[in-house]
2 protein chains.
Amino acid sequence: MTPKPEDNCVWGKAAIISQEGDPTKVVKVYDVNLGELPQDKILVRSISSPVNPSDLSLIRGSYLAKKNNRIFKVKNPETGEEEEVCGFVGGNEGVGIVEKIGPKAGSAANGSVSVGDWVVKVKGSDGLGSWMSYTIVDSDSILVIRNKDKITPEHVITLKVNATTAYRMLKDIVPLSQGDVVIQNGANSGAGQFLIQFARMWGFKTINVIRDRPDFNEVADSLFELGADAVVKDTELGDPKVISETLEKVGAPGGAKMAINCVGGDVSMLMVKYLSDRGTFVTYGAMTTEPISVPAPIFIFRNINFVGFWLAVWYSENPYSKWAEVWEEILQMFREGKLVPQKMVPVPWYCNGSPLETSKIQQLVTDSMTAKSKVYFKFD
Amino acid sequence: MTPKPEDNCVWGKAAIISQEGDPTKVVKVYDVNLGELPQDKILVRSISSPVNPSDLSLIRGSYLAKKNNRIFKVKNPETGEEEEVCGFVGGNEGVGIVEKIGPKAGSAANGSVSVGDWVVKVKGSDGLGSWMSYTIVDSDSILVIRNKDKITPEHVITLKVNATTAYRMLKDIVPLSQGDVVIQNGANSGAGQFLIQFARMWGFKTINVIRDRPDFNEVADSLFELGADAVVKDTELGDPKVISETLEKVGAPGGAKMAINCVGGDVSMLMVKYLSDRGTFVTYGAMTTEPISVPAPIFIFRNINFVGFWLAVWYSENPYSKWAEVWEEILQMFREGKLVPQKMVPVPWYCNGSPLETSKIQQLVTDSMTAKSKVYFKFD
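Residues numbered from 1 in each chain as written. Chains lettered and ligands numbered in written order. Predicted model: local features only at pLDDT ≥ 70, side-chain atom pairs only at ≥ 80, totals over all residues. Heavy atoms only, no water.

**With respect to the interface of chain A and chain B**
Line of reasoning, step 1. Taken residue by residue, the interface counts 27 residues in chain A and 27 residues in chain B.
Line of reasoning, step 2. Overall, the association of chain A and chain B removes approximately 2,300 Å² of surface from exposure, summing both partners, and the carbon and sulfur fraction of that is 64%.
Line of reasoning, step 3. The largest contributions to the chain A side of the interface with chain B come from Phe299, Ile300 and Phe301 of chain A, which together make up 29% of the buried area.
Line of reasoning, step 4. Linking chain A with chain B are 2 salt bridges, by the criterion used here.
Line of reasoning, step 5. A salt bridge links Glu317 of chain A to Arg278 of chain B, with the shortest nitrogen-to-oxygen separation between them at 2.8 Å.
Line of reasoning, step 6. Joining chain A to chain B, the criterion identifies 5 residue pairs in polar contact (both at pLDDT 80 or more).
Line of reasoning, step 7. At the level of elements, β14 (275–283), β15 (292–294), α9 (296–300), β16 (305–308) and α10 (311–317) of chain A are the ones that each hand at least two residues to the side of chain A that touches chain B. (Contact = heavy atoms within 4.5 Å. Buried area = accessible area lost by both parts, 1.4 Å probe. Salt bridge = Lys/Arg side-chain N within 4 Å of Asp/Glu carboxyl O. Polar contact = N/O pair within 3.5 Å; in protein donor to acceptor, adjacent residues only side chain to side chain. Helix = DSSP H or I, 4+ residues; strand = E, 2+ residues; numbered from the N terminus.)

**Some remarks on the relation of the copies chain A and chain B**
Line of reasoning, step 1. Between chain A and chain B, which share one sequence, the superposing operator has a rotation angle of 180° and an axial displacement of 0.0 Å; the RMSD is 0.0 Å. What we have between these two chains is a two-fold relation. Among all C-alpha atoms of chain A, that of Ser293 of chain A lies closest to the rotation axis, at 2.0 Å.
Line of reasoning, step 2. When the interface residues of chain A are mapped onto chain B, 100% of them are again interface residues, pointing to one common binding face. (Least-squares fit on C-alpha atoms with pLDDT ≥ 70 in both.)

**Observations regarding the UniProt feature "domain: Alcohol dehydrogenase-like C-terminal" (unreviewed entry) in chain A**
Line of reasoning, step 1. Mapped onto the present numbering, the UniProt feature "domain: Alcohol dehydrogenase-like C-terminal" (unreviewed entry) falls at residues 191–325 of chain A.
Line of reasoning, step 2. Overall, residues 191–325 of chain A shows 41% helix and 24% strand. The separation of its end C-alpha atoms is 19 Å. (UniProt positions renumbered as here; feature names shortened; annotations may be inferred.)

**A word on helix α7 (residues 240–249) of chain A**
Residues and elements named next belong to chain A.
Line of reasoning, step 1. When we look at burial in α7, the residues that qualify are Val242, Ile243, Thr246 and Leu247. Buried residues along α7 cover an arc of 120° about the axis, so they all sit on one side. Opposite the buried face of α7, at more than 90 degrees from it, the exposed residues are Pro240, Lys241, Glu248 and Lys249.
Line of reasoning, step 2. You can read the cap of α7 off the contacts: a side-chain oxygen lies 2.8 Å from the backbone nitrogen of Lys241, and it is on Asp239.
Line of reasoning, step 3. Count one or two residues on from α7 and you reach Gly251, which has phi positive near 70°. (Buried < 20%, exposed > 50% of the residue type's maximum accessible area, 1.4 Å probe, protein only. Arc of directions from axis to C-beta.)

**Notes on unusual backbone geometry**
Line of reasoning, step 1. One non-glycine residue, Arg278 of chain A, lies in the positive phi region at around 70°.
Line of reasoning, step 2. With respect to the helices and strands, Arg278 of chain A occurs in strand β14.
Line of reasoning, step 3. Assessed through its relative accessible area of 45%, Arg278 of chain A is described here as partly exposed.
Line of reasoning, step 4. Backbone geometry places Thr289 of chain B, a non-glycine residue, at a positive phi of 60°.
Line of reasoning, step 5. Along the chain, the position of Thr289 of chain B falls in the loop between β14 (275–283) and β15 (292–294).

**Digging into empty space enclosed by the protein**
Residue and element names in this part refer to chain B.
Line of reasoning, step 1. All told, the structure shown has 1 cavity of 30 Å³ or more when counted by the stated rule.
Line of reasoning, step 2. Of the volumes computed, that of the largest cavity is approximately 30 Å³.
Line of reasoning, step 3. For the lining of the largest cavity, the leading source of residues is helix α2 (residues 53–60), giving 3 residues.
Line of reasoning, step 4. In terms of residue class, the lining of the largest cavity is made up of 3 nonpolar, 2 polar and 2 charged. (1 Å grid on protein atoms, 1.4 Å probe; cavity = no way out; pocket = protein on both sides within 12 Å on 5 of 7 lines; lining within 4 Å. Points joined across faces, edges and corners; volume = space filled by probe spheres on them. Nonpolar A, V, L, I, M, F, W, Y, C, P; charged D, E, K, R; others polar.)

**Considering the pairing of strand β4 (residues 70–75) of chain B**
Residue and element names in this part refer to chain B.
Line of reasoning, step 1. Direction of pairing for strand β2 (residues 27–36) relative to β4: antiparallel, over a ladder of 3 bridges. Its bridge partner lying in β4, Asn33 is registered against Lys73.
Line of reasoning, step 2. Pairing between β4 and strand β5 (residues 82–89): 6 bridges, direction antiparallel. The residue bridging Ile71 from the neighbouring strand is Cys86, located in β5. (Pairing = 2+ DSSP bridges.)

**Let's talk about the UniProt feature "domain: Alcohol dehydrogenase-like N-terminal" (unreviewed entry) in chain A**
Line of reasoning, step 1. Residues given the UniProt feature "domain: Alcohol dehydrogenase-like N-terminal" (unreviewed entry) here are residues 39–143 of chain A.
Line of reasoning, step 2. End C-alpha to end C-alpha, residues 39–143 of chain A measures 19 Å, and it is 8% helix and 40% strand.

**Notes on the packing of aromatic side chains**
Line of reasoning, step 1. The final tally for this structure, using the stated rule, is 32 aromatic pairs over all chains.
Line of reasoning, step 2. Where Phe299 of chain A meets Phe306 of chain A, the ring centres are 5.4 Å apart and the plane angle is 70°; that geometry is what we call edge-to-face.
Line of reasoning, step 3. Accessibility expressed as a relative area gives 0% for Phe306 of chain A, which makes it buried.
Line of reasoning, step 4. Relative to Phe198 of chain B, the ring of Tyr167 of chain B has its centre 5.7 Å away and its plane inclined at 85°; by these criteria the two rings are edge-to-face. Remark: Phe198 of chain B occurs in helix α5 (residues 190–202) and Tyr167 of chain B occurs in helix α4 (residues 159–172); sequence separation between them is 31 residues.
Line of reasoning, step 5. Judged by its relative accessible area of 4%, Tyr167 of chain B is buried.
Line of reasoning, step 6. Here Lys75 of chain A stacks its cationic end above the ring of Trp11 of chain A, 4.8 Å away from the centre of that ring. (Phe/Tyr/Trp six-rings, centres within 6.5 Å; stacked < 30°, edge-to-face > 60°. Lys NZ or Arg CZ within 6 Å of the ring centre and 35° of its normal.)

**Side note on the side chain of Asn76 of chain B**
Residue and element names in this part refer to chain B.
Line of reasoning, step 1. Structurally, Asn76 can be placed in the loop between β4 and β5.
Line of reasoning, step 2. In terms of polar contacts, Asn76 uses its side chain to reach the backbone amide nitrogen of Glu78, at 2.7 Å.
Line of reasoning, step 3. Ignoring anything within four residues of it in the chain, the contact list for Asn76 reads Glu81 and Glu83.

Below, the structure is given as structure tokens:
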């Protein structure tokens, strides 16, 4: 019941960013004419795509990696006239279904590709993000999800950023052994929820810091359900009694081995008090945009290492076969019920099979940019 | 002509710290009665000992490692009466000469020991620092300098802290190859001067940051003489033109591999601009006591690692044989004229073979705590 491209031309709706700024203002939804499908390319109909903090950073201009701009042929949302817009489509992960394969198109990045395959875009210097209902791609820029058994789109759409970030942070930064303790802030973020679950599976303990909020107990309980060993309010983080009791509770009176920070500022530095000497403090995000201010004795006498983590580096250094391997490992955890997806709220672009008005989607997209819960766009 | 201990009791003059605080106020010089030489110990007459920034930090109470206090029998400097003082003797490196060996004393930490040997104290939990004219030690707490050929006390007294700090920082923190660039601040410090010389010998380039001061050119010239490849004023450190010209000059347009900081604060963070991505920023001191404030993108996108360095860790992890090996390697560089000692001004405790009045030494010691030049105490 999904509408088909008209006149051999592929028309989709896309959330396009023409200039950096406040995401609720600069993300515009357009009907986009992508032209005819070239013989050597593939038409992918989007299924779902999440809104990640890093997407918002990129739109705000505080993310290092810029997307290439390109010219889009769009319908002016008010006049209906065709016009050109220069920008990029937002979104960095999602899943789509192969709708049509050009007669001269090649193989996917991980082998053969067929109509009906679920695919994830892995190469993305073309300005085409995942927040669009249709996209035309080079065949080698997609990875095929080979085994859809027991897998839903909600399992797939967070593989590339959130799940793999958590996976690699636990694997790559410091060697962790059974019983080792990791403390993280922003613990109810997408990556945070996965990190708790991977840690539980691999035998590591987690201390999870979340904001002191009216629904604290509810959020804490949801993290305990995922396998959290301790949950601490950010307002109580520096309390010596809380520190000693929490470390006692997780069986590490000597301190945690790694602290994982996506918040920044003084409140994140309090996590250093939970680290053992020679521990590692990792920053992979900066929700507050405040710097990390480290007194010299923390470096000299406690020998705490402060490092960064950026998943893009791992992706750039590993072949697609390795990406596929990690993703399949994570999907298998979903299949076996060892892993649950993060909590997400869908934002529909269609209703009963018909696309919503552009102005309606614009409203939904704009709202999603400040949504309190994790949001994903649902295209069918 | 050195005065001998009276009545079989060892009397020396010592700079004792009874409470933490301003070094010009809390370092007191006393005539100290060390008692008779026990049969299983060794009497060492001090030759020279420097005043290091870490000594002053320790006295101020901002150094992590505390010295053990002990009771000293001293003469009250005003009344001449014997009284007891609880505290520790300042100073953490120096050289002495073995004056007497108890009949049941054992071997030095690196083998046999004889009267007349030059020795460096390596074990020091007894509250006896190096700022005293005589000391009584366990034999295994001293290392004998085995080959004094072409070696002066000024070569030996900075081995333990300054020279070895510079040596180990270049060897242990990141692997450096020929042509790699290191930037350091506090470059005219003792460790800084050694670092320039080791780097030159081992094929690394150095960019050296010093304060913008009236005698800048003179200090810069002295660093160039040691082998500095570039010298930069702290006030010009962040100037993009200076950065690109300096990196060009040292043949590293892509940036330095390591930044070495003993200053702290915002001015030290400017060194990050000289680092290549994935570079390492090391803090081993904090002259300003200001923290290092790091914006998240420096961690995430530039992947700069911030680490600490504390020589005490290396010493605690390596046997005395390894200490002796490194020191002998450095002494051999002195012998061969490849290395020159740092510039130092002597503060005499004796004049024409007679010890100065305690009050006079007190004045000299107090002045030395704020001396602009590197100072060392000369005991004979």
